[in-house]
Amino acid sequence: MRIAVVSPHPDDETLGAGGSIFKLKDEGNEIYWVNVTDANSGGGYCEAFKEKRRRQISSVVDCFDFSGFINLGFTPAGLNGSVKGKLVQEIGRAFDSIKPECIILPDYNDAHSDHKYVFEAAYASSKIFRRNYIKRIMTMEILSETNFGMPYKRFEPNLYINISDYLEKKLEALRIYDTELDELPFPRSLDAIKAQAVLRGTEAGTVYAEAFRLIKAIE
């Protein structure tokens, strides 16, 4: 199976689906990473940070050994109604170049507006009469965003992936993003990420798990 993981920002792919990426790849699937925004595209970041981010992305690609990587290069925190048409177009082009049977997206109720726009654009790009190769759509749980979503649309997982053999590899990948991590009680901390995996594991009857919301599945 070809699977495309779509991240609004670099680190979302690892926070939301890092353990599952390693597991699904070991099971013989082709995993592609489509990243939407990049500090090198604007946003007032200093040159040192831009270079750091370039190295982080390169290291993450190597760590996961993705079958392919597409960086759309939109400006972080710059997604809005005025760029939505272009966002739909570019994500659609990325899908057409990969032809994934499964896409993993940020959840539609994530707190960050970039996440919402990415979900909406990717979901619009997945219409079955336009891209009938997409048979499965799921959203991932991203600490610091999904857990701060609107209370009336809380993330309620209906799909769990056992990552008991892959949590340490996920944490190793997250350490690459040292600029995005901090200590507890900051949600993007290694302790919090491990705690989340424990919680989802108890719900799934395993040691560690990642949780997803299955939006659509065609058999």
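**A look at the overall build of the protein chain**
At step 1: A count of helices and strands for the protein chain gives 6 helices and 7 strands.
At step 2: Counting helices and strands in the order they occur from the N terminus, the protein chain gives β-α-β-α-β-α-β-α-β-β-α-α-β.
At step 3: Its C-alpha radius of gyration of 16 Å places the protein chain within 12% of the 17 Å reference for a compact globule of 219 residues.
At step 4: If you line up the protein chain on its principal axes, its C-alpha atoms span 45 × 40 × 40 Å.
At step 5: The contacts in the protein chain between residues at least 6 apart in sequence include a share of 79% that link residues at least 24 apart.
At step 6: A gap of 7 Å separates the mean positions of the 28 positive and 32 negative side-chain charges of the protein chain.

**Some points on the side chain of Arg53**
At step 1: Relative to the helices and strands, Arg53 resides in helix α2 (residues 47–64).
At step 2: Classification of Arg53 as buried rests on a relative accessible area of 6%.
At step 3: For Arg53, the contacting residues outside a window of four places in its chain are Pro10, Asp38, Ala39, Thr179 and Glu180.

**Looking at the pairing of strand β2 (residues 30–37)**
At step 1: Counting buried positions over the 8 residues of β2 gives 7, a clear majority of the element.
At step 2: With 6 bridges joining them, strand β1 (residues 2–7) and β2 adopt parallel strand pairing. Counterpart to Val6 in the pairing with β2 is Val34.
At step 3: Traced from β1 through helix α1 (residues 12–26) to β2, the parallel crossover comes out right-handed.
At step 4: Relative to strand β3 (residues 68–74), β2 is paired through 5 bridges, and the arrangement is parallel. Bridging across to β3, Asn35 finds its partner in Asn71.
At step 5: As a crossover connection, the stretch from β2 through α2 into β3 is right-handed.

**Structural notes on the packing of aromatic side chains**
At step 1: One pass over the structure, following the stated rule, counts 7 aromatic pairs.
At step 2: Here Phe119 and Tyr123 contribute two aromatic rings whose centre-to-centre distance is 5.4 Å and whose plane-to-plane angle is 15 degrees, an arrangement assigned as stacked. Placement of the pair is Phe119 and Tyr123 together in helix α4 (residues 113–124), with a separation of 4 residues, close to one helical turn.

**As for the layout of surface pockets**
At step 1: Here the largest pocket defines a volume of roughly 260 Å³.
At step 2: As for the largest pocket, its lining consists of 18 residues, of which His9, Pro10, Tyr45, Arg53 and Glu180 are closest to the centre.
At step 3: Residue assignment for the lining of the largest pocket shows that the elements contributing at least two residues are α1 and α2.
At step 4: Looking at the lining of the largest pocket residue by residue, the classes come out as 6 nonpolar, 5 polar and 7 charged.

What counts as what
- Residues numbered from 1 in each chain as written.
- Predicted model: local features only at pLDDT ≥ 70, side-chain atom pairs only at ≥ 80, totals over all residues.
- Heavy atoms only, no water.
- Helix = DSSP H or I, 4+ residues; strand = E, 2+ residues; numbered from the N terminus.
- Rg over C-alpha atoms; globule rule 2.2 N^0.38 Å.
- Contact = heavy atoms within 4.5 Å.
- Lys, Arg positive; Asp, Glu negative; His and termini not counted.
- Charge placed at Lys NZ, Arg CZ, Asp CG, Glu CD.
- Buried < 20%, exposed > 50% of the residue type's maximum accessible area, 1.4 Å probe, protein only.
- Pairing = 2+ DSSP bridges.
- Right-handed = clockwise from strand over helix to strand, strands pointing away.
- Phe/Tyr/Trp six-rings, centres within 6.5 Å; stacked < 30°, edge-to-face > 60°.
- 1 Å grid on protein atoms, 1.4 Å probe; cavity = no way out; pocket = protein on both sides within 12 Å on 5 of 7 lines; lining within 4 Å.
- Points joined across faces, edges and corners; volume = space filled by probe spheres on them.
- Nonpolar A, V, L, I, M, F, W, Y, C, P; charged D, E, K, R; others polar.

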